[in-house]
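For reference, the chains in residue letters:
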Amino acid sequence: MGDPAVILLSGGLDSTTVLAIAKDRGFDPYALSFRYGQRHMAELDAARRVADHFGVVRHVVAEIDLRVFGGSALTADIDVPKHKVAGSLSDEIPSTYVPARNTIFLSFALAFAETIGAQDIFIGVNALDYSGYPDCRPEYIAAFQSMANLATKAGVQGGHVRIHTPLIELTKAEIVRVGTALGVDYGLTSSCYDPDGMGRPCGHCDSCLLRLKGFGEAGLIDPLEYQVA
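What you are looking at is a predicted structure, and each value in this text was computed from that prediction instead of being measured.

K.L.:
Help me understand the packing of helix H3 (residues 101-116) against helix H4 (residues 138-151) in this model?
P.N.:
Any two packed helices are characterised by the angle at which their axes cross and by the distance between the axes. The geometry of H3 relative to H4 is characterised by a closest axis approach of 12 Å and an angle of 35 degrees between their N-to-C directions. Here H3 and H4 pass one another in a crossing that is right-handed. Each of Asn-102, Thr-103, Leu-106, Ser-107 and Leu-110 in H3 lies in contact with H4, whose residues at this interface are Tyr-140, Ile-141, Phe-144 and Ala-148. In terms of residue class, the contact of H3 with H4 is made up of 6 nonpolar, 3 polar and no charged.

And the structure:
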């Protein structure tokens with residue numbers, strides 16, 4: 001038995017790779033996913049497939065409704081931006097940014113960790129090939145970890161919460177290579193912001209374009225079936 005660790009699992013490429021890394025490092029993974037009012041359930045279906053495939057100790061799906069605030073193309077009636085190529089992505093924070101999402105998710109992960117006696121939380125944030133989200137930066141993660149050790153019973157009693165971000169300095173291509181080396185089946189995952197009714201990715205949202213760019217630069221083929229352009 002290894003040490004318990006909470007893995008934030010969306011069902012996408014990054015979080016699935018992080019789960020594989022945590023298992024490879026000898027942790028006993030407890031997966032945490034969210035039904036937060038997102039525009040589709042394809043990613044939650046993927047998270048369940050991934051959790052089953054990796055045999056996590058427990059998979060919790062927390063229910064919160066960020067639609068009460070809106071403000072994002074993922075939680076409000078706002079069109080998901082589409083592009084033809086990854087090179088056309090803007091440096092501006094896109095409309096798919098969900099306000100404070102990682103802060104909310106990490107707070108839930110922190111509560112989950114305390115209940116199972118875990119000092120380790122894994123999250124698949126990335127500061128290189130990503131969509132410019134402010135809560136994916138190293139300085140944000142460092143600040144949250146400092147807060148976590150001030151705000152928890154474990155931290156006050158001499159424990160130490162560690163936020164692991166093994167992908168934060170990797171390109172998408174490097175992430176794909178790492179996961180492939182660990183035997184990840186990316187056919188189980190879902191990354192698209194706007195899949196069709198069968199769960200097929202659109203191929204043109206920010207997330208799809210970055211994913212396809214990663215597989216292409218890694219010299220590999222994405223196993224997902226995309227919608228016909």
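Text resumes after the structure shown.
K.L.:
Looking at this structure, I do not really get the pattern of salt bridges. What am I missing?
P.N.:
When their charged atoms lie close together, side chains carrying opposite charge are able to pair. This model, assessed by the stated rule, comprises 11 salt bridges. One salt bridge connects Arg-39 with Asp-194, and the closest N-O pair in it is separated by 3.9 Å. Of this pair, Arg-39 sits in the loop between strand S2 (28-35) and helix H2 (42-54) while Asp-194 sits in the loop between helix H6 (172-181) and helix H7 (206-217), and the two are 155 residues apart along the sequence. Taken together, the shared-partner salt bridges connect Asp-196, Arg-200 and Glu-225 into one network.

K.L.:
It is not clear to me how the sheet that holds strand S4 (residues 120-122) should be interpreted in this structure. Could you clarify?
P.N.:
Through backbone hydrogen bonds, the strands of a sheet pair up, either in parallel or in antiparallel fashion. Taking strand neighbours across the sheet as the criterion, the 5 strands line up as S3-S2-S1-S4-S5 in an open arrangement whose pairing is parallel. Either end of the sheet is taken by a strand with one partner, and the two such strands are strand S3 (58-63) and strand S5 (162-164). Neighbour-to-neighbour, the strand axes of this sheet turn through a mean angle of 25 degrees, independent of strand direction. Looking at chain direction, strand S1 (residues 4-8) and S4 are connected through 3 bridges and run parallel. Of the residues in S4, the one forming a bridge with Ala-5 is Asp-120. Most of the contacts of H3 go to S2, to which it runs at about 140 degrees, and overall it touches S1, S2, S3, S4 and S5.

K.L.:
For this particular structure, what's the right way to read empty space enclosed by the protein?
P.N.:
Within this structure, the stated rule accounts for 2 cavities of 30 Å³ or more. The calculated volume of the largest cavity comes to roughly 770 Å³. When contributions to the lining of the largest cavity are tallied by element, the ones reaching two or more residues are helix H1 (13-24), S2, H2, H3 and H7. For the second largest cavity, the calculated volume is near 40 Å³. In terms of lining, the second largest cavity is formed by Tyr-36, Gln-38, Arg-39, His-40, Glu-43, Leu-74, Cys-192 and Tyr-193. When grouped by side-chain class, the residues that make up the lining of the second largest cavity number 4 nonpolar, 2 polar and 2 charged.

Parameters at a glance
- Residues numbered from 1 in each chain as written.
- Predicted model: local features only at pLDDT ≥ 70, side-chain atom pairs only at ≥ 80, totals over all residues.
- Heavy atoms only, no water.
- Axes fitted to C-alpha atoms, helices over the stretch in contact; angles between N-to-C directions.
- Helix = DSSP H or I, 4+ residues; strand = E, 2+ residues; numbered from the N terminus.
- Left-handed = near helix turned anticlockwise from the far one by under 90°.
- Contact = heavy atoms within 4.5 Å.
- Nonpolar A, V, L, I, M, F, W, Y, C, P; charged D, E, K, R; others polar.
- Salt bridge = Lys/Arg side-chain N within 4 Å of Asp/Glu carboxyl O.
- Pairing = 2+ DSSP bridges.
- 1 Å grid on protein atoms, 1.4 Å probe; cavity = no way out; pocket = protein on both sides within 12 Å on 5 of 7 lines; lining within 4 Å.
- Points joined across faces, edges and corners; volume = space filled by probe spheres on them.

Coordinates in, geometry out; function isn't part of it.
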